[in-house]
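Topology and contacts: notes
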2 protein chains.
Amino acid sequence: MKKYIEILKRTQLFSGVSDTEISAMLNCLQAKLLTFQKGDYIFREGERIDNITVLVKGKLLVQHDDFWGNRNIVNVIRIGEMFGEAYVAPESGSLLNDVIAEEDSAVIFFDVRRILTVCSTACRFHSMVIQNLFFAISEKNRKLVQKIGHMSKRSTRAKLLSYLSEEAKRQNSSHFTIPFTRQQLADFLCVDRSAMSNELCKMRDEGLLQFAKNQFILL
Amino acid sequence: MKKYIEILKRTQLFSGVSDTEISAMLNCLQAKLLTFQKGDYIFREGERIDNITVLVKGKLLVQHDDFWGNRNIVNVIRIGEMFGEAYVAPESGSLLNDVIAEEDSAVIFFDVRRILTVCSTACRFHSMVIQNLFFAISEKNRKLVQKIGHMSKRSTRAKLLSYLSEEAKRQNSSHFTIPFTRQQLADFLCVDRSAMSNELCKMRDEGLLQFAKNQFILL
DNA sequence: ACTCCTTTGTTGTAAAAACAACCGACTTGT
DNA sequence: ACAAGTCGGTTGTTTTTACAACAAAGGAGT
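A brief structural summary. Residue indices begin from 1 for each chain and proceed along its sequence in written order. Labels are handed out in written order, letters beginning with A for the chains and numbers beginning with 1 for the ligands. Local features in this predicted model are restricted to residues whose pLDDT is 70 or higher, and side-chain atom pairs enter the listing and the counts only when it is 80 or higher, whereas totals over whole chains, interfaces and linings include all residues. In computing side-chain values, all of the structure's heavy atoms are included and hydrogens and water are not.

The rule for a residue being near a molecule or strand is that one of its heavy atoms must lie within 4 Å of it. Near DNA strand D there are 17 residues, and of these Arg182(A), Asn198(A), Phe211(A), Ser155(B) and Thr156(B) occur at the shortest range. When atoms of DNA strand D within 4 Å of the protein are sorted by moiety, sugar and phosphate together comprise 61%. Here Asp192(B) contributes a backbone N or O atom positioned 3.1 Å from a phosphate oxygen of DNA strand D. Polar contacts, as used here, are pairs of N or O atoms within 3.5 Å; protein pairs need one atom able to donate a hydrogen and one able to accept it. Residues neighboring in sequence count only if both atoms are side-chain atoms. Here Ser194(B) contributes a side-chain N or O atom positioned 3.4 Å from a base nitrogen of DNA strand D. Put simply, the parts of the chain that give the surface near DNA strand D at least two residues each are α6 (182–189) and α7 (193–205) of chain A together with α7 (193–205) of chain B. Numbering of helices and strands runs from the N terminus, with a helix taken as a DSSP run of H or I at least four residues long and a strand as a DSSP run of E at least two residues long. The dominant element in the surface near DNA strand D, judged by the number of residues it contributes, is α7(A), at 5 residues.

In structure tokens, the structure reads:
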């Protein structure tokens, strides 16, 4: 676990907490490290969990398959990001999504109740971690709202422009890369891939944008 | 403010905190009560805020109008519910939505940083409020995920069935009421009202469900 | 009771998306 | 080098949705 402290130090959860304090808290919080191979399920829809997790290696997809097999990518989890914090609550019910390793991955599990209960022993930085946790889930909340913002657009074109312009804004440049393949982007926006591909090319032909693979330029 | 303590006591935020403790915390947290008339804006898209709010009277709509005037109801806030907790974070940027009073309403404003910073003075229940706050935002997070679940369905019919069946499950009965008018439901699901109305009637004619106003029965 | 306004349902048309099938370019593994 | 698989783009058809316009029912206020 120690080799991941450098990564943990740069996560939202441990932002502002020193190496030695993190090390101490890993014990205090009874953290556990588990590894997964590409394609493995970290969590399955319907499961109940008591942990929040931090990804320290690899890449995870949070996704949902409906009755008819349509796959919806709810989120992508990259190194240093968290998952599960929304599901550990009294009567929270069960997980709404699958979490799958898109690459070989390593995940650290924390008992949330231990995090939220300020321990009587020394953990000086415990309350800072609580604040970090709050800000993190708060941010995830905003991301969901933004995704809804994209999805709420009525046409595929409007969905694409909503997503792409926001991504450009986020990366602070009209030239930017997206973290999706075409199929994943279509899943993220909940539209048909071929129709979306078609629409992208139309917009390119109309001079609205340029792209190659996952690199885009808004004009 | 005191007349609303009974309401505050039953909110998620103050769950498990006694009247007298709430009263003390209202001072400690420097809470402020503001009233609004039907149609008033509590917050506007683009604003930056330092407060979380609890609705103690009336009803609020969290909504988003796009470029072309399509209105999307992101959420309905009822008495005892909270708003704003997702937007008070370092570098959180500005509000993504408007918050509007659907009825004459009263709202209590709390400074979040005061909540998250455990005060040196006595507030015994402060840490319980922190936990409550966490669970609350966690739950809001899940609701957003559920909404995305409905919206991700490709057809209007599938969106309706997804929403209605969940609502039936939530109210634990095949006979249930929804908190929306048709237009609001259409906005919530991001579809055209008339097309949705049409689809509802088709489903009724096919014997899938029955409805009158906002009362529904799934068959 | 009357008017105004909101809500809901209905219909037809035009536009858009889903769907299916296919191709070519690239990767990956053997 | 070859085969199998993935990825992105293209096209044509079918289905669905949005849109517009209108009618009927119900409520609120005068």
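For the rest of this paragraph, the subject is the pattern of salt bridges. Salt bridges are defined as contacts in which a side-chain nitrogen from Lys or Arg sits within 4 Å of a carboxyl oxygen from Asp or Glu. Under the counting rule described, the total for this entry stands at 18 salt bridges over all chains. One salt bridge connects Arg157(A) with Glu199(A), and the closest N-O pair in it is separated by 2.8 Å. Here the residue Arg157(A) occupies a position in helix α5 (residues 156–170), and Glu199(A) occupies one in helix α7, the gap between them amounting to 42 residues. Between Glu6(B) and Lys9(B) there is a salt bridge, with the nearest N and O atoms lying 3.5 Å from each other. With Glu6(B) and Lys9(B) both in helix α1 (residues 5–9) and 3 residues apart, this pair spans about one turn of that helix. A single network of salt bridges, built from pairs that share partners, joins Glu6(A), Lys9(A) and Asp19(A).

Overlaying chain A with chain B gives an RMSD of 0.1 Å, the required rotation being 180° about an axis along which the chain moves by 0.0 Å. Between the two chains, the operation in question is that of a two-fold axis. Closest approach to the rotation axis among the C-alpha atoms of chain A is made by Asn141(A), whose C-alpha sits 2.7 Å away. Pairs of residues are marked as contacts when any of their non-hydrogen atoms sit within 4.5 Å. When the interface residues of chain A are mapped onto chain B, 100% of them again lie at the interface, so the same face is used by both copies. A least-squares fit on C-alpha atoms brings the copies together, and the residues used are those whose pLDDT is at least 70 in both copies.

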